[in-house]
Amino acid sequence: MEEKLCAAGSFTKMAKSLNKMEMKVNEAISKSRIGKYFKLESRKSSFTKEFRAGTATFLTMAYIITVNASVLSDSGGTCSVSDCTFPANQTHATPDCVLNNEGYEKCVAKMRSDLIVATALASMIGSFAMGLLANLPLGLAPGMGPNAYLAYNLVGFHGSGKMSYQTVMAIFLVEGCAFLAIAVFGLRGRIARFIPQPVRLACAAGIGLFIAFVGLQAHQGVGLVGPDSSTLITLTACTSTNPVTGECTGGKMQSATFWLGSVGFIIMCYGLMKEIKGSMIYGILFVTLISWIRNTAVTVFPNTPSGNSSYEYFKKVVDFHKIESTAGALDFTHFNNGEVWIALITLLYIDVLASTGTLYTMAEIGGFVNEDGEFEGEYTAYMVDAGSTIVASTLGVSPVATFVESSAGIREGGRTGITAIVVGFYFLLSLFFTPLIASVPPWAIGPSLVIVGVLMMKVVKDIDWNNIKHAVPAFVTMVLMPLTYSIANGIIGGIGVYIALSLYDNMLSWVKWLMRMKKMVVKEQNQVSATADQSIEVV
């Protein structure tokens, strides 16, 4: 008994000693030039709090490194028919070789490694710039919308679309330059404030629902929901699914990885209930470490060819790959094509609305927005957001934008650019530790995304639900984001409904204005007539 008391006492003393050390470090940094530059004291933050926030943000958005590379590589990238191998009795490869050919697949695999590095590098540069220049706790990385638009619409699966990968990268570059020009002239801030208040408030909740929906799916989450031929979406968490459609084929609610992810979710919830710092990090690490154990039902390295390959890559721990095929892959020769300009305009308006709305929403969640609808570092933040897209296109990846997962770091107390710099530093490390980053399972990330969704829903209390003119646009915004899998669609839908509901009031005000103008004109005419009559009488 005495030994247990002594051990508990020693632990308490150690904890107090560490807390004192932490306080001294935070105080020293807050009073240093670094602390003053990042305004740690004025924003009521500390270095260790910012470090935890940056770690939480990175862990929730680290999936983009491999997911973005996987999506973009589905297009075939810079690979072509010339990379296909063909039998000795043939003089050349046929066009359909891109569907199933050893040489082409090797090219795609090599290009995917290029894209992993390019994604991490673009994210690192964007996050560093946001922290150093705008002093905001926002992580940047390639967004999930434009990459899918590239892979499955513009370039198509393995180059089956109407444009080449190089042409689309050139479109991204031009779009980024136009985006930057809009930011330089201060138009992005005006666009953000042009969004009606109920839609702005609903954006946070809608993005929260969107993130939670992503976290509940199989590819980037715990796999609780999945496709269904009758109802479009249904409850799954199955032990086996159709590899083509993704529908459940057996063992509904029996997925071991789902239940492991649920344990991680409970850990995060308890941590937040008890206000334990870094609780989301602990939940992610718990699930990840267990998933790294082989020969279990929850392993991320199953005994399959792909699982064995992933495990061999994981054992490298440290690995650096040089970008060879995607950097500088730009082609402007097809800009005389109308479809190129349609794609350019589409991407521009999506980025202007979605990226601006996301960045503004993150600023509102962090409490940076003042009564005038502005926030400190806004002008620089918009330019960094746009400039990062230019950098990304030259590296060969899709546009970079402020990530909604930044709200995870904000929830952990991130209030300055140090959070973003920590995110950038982790992306720098990921360039060398890609095997470990690539091995974090989606069912470890999913619970944290659901938690972020929960925390972002609190803004709905500020919406005037008794006012239909506010309630309907807000509801449309919130519903369309997850159901259409697009933040931009939600914002467009909300603004459209708000404008439609405002037509009556606007028309009524115009009629009243015209009536007032008519009365003024009649009054002036009467005065002129009276003056003329008086002049006639005098004569």
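Treat the numbers as computed from the prediction; the structure is a model and nothing was measured.

1. Some details on the overall build of the chain
If you tally the helices and strands in the chain, you get 20 helices and six strands. Of all 539 residues assigned to the chain, the portion counted as buried reaches 47%. For the chain, long-range pairs separated by at least 24 residues make up 73% of all intrachain contacts whose partners lie at least 6 apart in sequence. Total accessible area computed for the chain in this model is approximately 26,700 Å², and 64% of it derives from carbon and sulfur atoms.

2. A short note on the side chain of Ser255
With respect to the secondary-structure elements, Ser255 resides in the loop between β5 (248-250) and α10 (256-273). Ser255 has contacts with Ala237, Cys238 and Thr239, leaving out every residue within four places of it along the chain.

3. Let's talk about the pattern of salt bridges
Across all of its chains, the model carries nine salt bridges by this definition. For Arg52, the salt bridge goes to Glu22, with nearest N and O atoms at 3.7 Å. Taken together, the residues span a long stretch of sequence, with Arg52 in helix α3 (residues 47-61) and Glu22 in helix α1 (residues 2-31) at a distance of 30 residues. Residue Arg52 is classed as buried on the basis of its relative accessible area of 16%. On the basis of relative accessibility, which here comes to 24%, the residue Glu22 falls in the partly exposed class. Measuring nitrogen to oxygen at the nearest pair gives 3.3 Å for the salt bridge that ties Glu312 to Lys315. Counted as one network, the salt bridges with shared partners bring together Lys39, Arg43 and Glu376.

4. Section: the packing of aromatic side chains
What the rule picks out here adds up to 14 aromatic pairs. Through a chain of ring-to-ring contacts, the aromatic side chains of Phe47, Phe51, Phe58, Phe425, Tyr426 and Phe427 assemble into a single cluster. Seen from the ring of Tyr311, Arg294 lies directly overhead, with NZ or CZ sitting 4.4 Å from the centre.

5. Things to note about the environment of Val67
Along the chain, the position of Val67 falls in helix α4 (residues 64-73). Residues Val67 and Ala438 lie 371 residues apart in sequence; the distance between their C-alpha atoms is 9.1 Å.

6. What to know about the UniProt feature "transmembrane region" (unreviewed entry) in the chain
As recorded in UniProt, the sites labelled "transmembrane region" (unreviewed entry) are residues 115-134, 163-187, 199-218, 256-273, 340-360, 417-437, 443-460 and 472-492. This span, residues 417-437, is 86% helix and 0% strand, and a straight line between its end C-alpha atoms measures 23 Å.

7. Some points on α4
The buried count for α4 comes to nine of 10 residues, which makes it a mostly enclosed element. Looking only at α4, the buried set comprises Ile64, Ile65, Thr66, Val67, Asn68, Ala69, Val71, Leu72 and Ser73.

8. Some words on the pairing of strand β2 (residues 225-228)
Examined bridge by bridge, β2 and strand β3 (residues 232-235) share four bridges and lie antiparallel to one another. Counterpart to Pro227 in the pairing with β3 is Ile233.

9. With respect to the packing of helix α9 (residues 197-216) against helix α19 (residues 468-483)
Interhelical geometry of α9 versus α19 gives an angle of 25° and a closest axis separation of 7 Å. Classified by the angle between their axes, α9 and α19 sit roughly parallel to one another. At the point where α9 passes α19, the crossing takes the right-handed sense. Only His470, Pro473, Ala474, Thr477, Met478, Met481 and Pro482 of α19 make contact with α9, whose side of the interface consists of Pro198, Val199, Ala202, Cys203, Ala205, Gly206, Ile207, Leu209, Phe210 and Phe213. In terms of residue class, the contact of α9 with α19 is made up of 14 nonpolar, three polar and no charged.

10. Some details on unusual backbone geometry
Among all residues except glycine, the phi angle is most often negative; among peptide bonds, the trans geometry is most common. A positive phi angle is found at Asn135, which is not glycine, with a value near 55°. The residue Asn135 is located in the loop between α5 (102-134) and β1 (140-142) in this model. Positive phi outside glycine occurs at Asn295, with the angle close to 60°. Within the secondary structure, Asn295 is located in the loop between α11 (279-291) and α12 (305-314).

11. Let's talk about the state of the cysteines
Tallied over the entire structure, the rule returns two disulfides. With a sulfur-sulfur separation of 2.0 Å, Cys238 is cross-linked through a disulfide to Cys248. With the S-S dihedral at roughly -115°, the linkage between Cys238 and Cys248 falls on the left-handed side. Highlighted residues: Cys238 in the loop between β3 and β4 (240-241) and Cys248 in strand β5, separated in sequence by 10 residues.

12. A closer look at the nonpolar core
Membership of the largest hydrophobic core comes to 103 residues, with the highest contact counts inside it found for Met130, Leu136, Leu150, Ile171, Phe375 and Phe427. Among the elements that take part in this core, α5 stands out by supplying 11 residues, more than any other. Counting eight residues, the second largest nonpolar core, distinct from the first, contains Val459, Ile463, Ala474 and Met478.

13. Digging into the packing of α10 against α11
In helix packing, the relevant descriptors are the interaxial angle and the interaxial distance, both defined with respect to the helix axes. In the contact formed by α10 and α11, the axes pass within 8 Å of each other and the chain directions differ by 155°. With respect to each other, α10 and α11 are oriented roughly antiparallel. Considering the relative orientation of α10 and α11, their crossing is right-handed. Only Ser279, Met280, Gly283, Ile284, Phe286, Val287, Ile290 and Ser291 of α11 make contact with α10, whose side of the interface consists of Leu260, Gly261, Val263, Gly264, Ile267, Met268, Gly271 and Leu272. Class assignment of the residues belonging to the contact of α10 with α11 gives a composition of 10 nonpolar, six polar and no charged.

14. Comments concerning α9
End to end, α9 covers 29 Å across 20 residues, agreeing with the expected 28 Å (1.5 Å per residue, within 8%). The sharpest bend along α9 comes to roughly 30°, located at Cys203. Counting buried positions along α9 yields 16 of 20 residues, so the element is predominantly enclosed.

Conventions used here
The numbering scheme is per chain: residues are counted from 1 as the chain's sequence reads. This being a predicted model, a pLDDT of at least 70 is required before a residue's local features are given, and a value of 80 or more before pairs of side-chain atoms are given or counted; all residues contribute to the totals for chains, interfaces and linings. Calculated side-chain values reflect all of the structure's heavy atoms, with hydrogen atoms and water omitted. Think of it this way: any DSSP run of H or I at least four residues long counts as a helix, any run of E at least two long counts as a strand, and we number them from the N terminus. Throughout, exposure labels follow a simple rule: accessible area from a 1.4 Å probe, protein chains only, divided by the maximum for the residue type, with under 20% read as buried, over 50% as exposed, and the rest as partly exposed. Contacts are assigned to residue pairs with any non-hydrogen atoms lying within 4.5 Å of each other. The protein chains shown are the only cover counted for residues, whose accessible areas, like all others here, come from Shrake-Rupley with a 1.4 Å probe. For this analysis, a salt bridge means a side-chain nitrogen from Lys or Arg found within 4 Å of a carboxyl oxygen belonging to Asp or Glu. Here a pair means two rings of Phe, Tyr or Trp (six-membered ring of Trp) with centres within 6.5 Å. Their orientation is stacked below 30 degrees between planes, edge-to-face above 60, and tilted elsewhere. Charge-over-ring placement is defined geometrically: NZ (Lys) or CZ (Arg) within 6 Å of the ring centre, and within 35 degrees of the ring normal. UniProt positions are given in the numbering used here, feature names are shortened, and annotations may be inferred rather than shown by experiment. Here, any two strands with at least 2 DSSP bridges between them count as paired. As a rule, the C-alpha atoms of each element are fitted with a line to give its axis, helices using only the stretch in contact, and angles between N-to-C directions run from 0 to 180 degrees. When an angle is under 35 degrees it counts as roughly parallel; over 145 it counts as roughly antiparallel; between 65 and 115 it counts as roughly perpendicular; any other value is oblique. Note: crossing handedness is left-handed where the near helix turns anticlockwise from the far helix by less than a right angle, and right-handed where it turns clockwise. Residues are grouped as follows: Ala, Val, Leu, Ile, Met, Phe, Trp, Tyr, Cys and Pro are nonpolar; Asp, Glu, Lys and Arg are charged; every other residue, Gly included, is polar. The disulfide criterion used throughout: a pair of cysteine sulfur atoms within 2.5 Å. Definition used in this section: a nonpolar core is a set of buried Ala, Val, Leu, Ile, Met, Phe, Trp, Tyr and Cys residues joined via side-chain atoms within 4.5 Å. One less than the number of residues in a helix, times 1.5 Å, gives the span that helix is expected to have. At any given residue, the bend is defined as the angle formed between two axes, one fitted to the seven residues that end at that position and one fitted to the seven that begin there.

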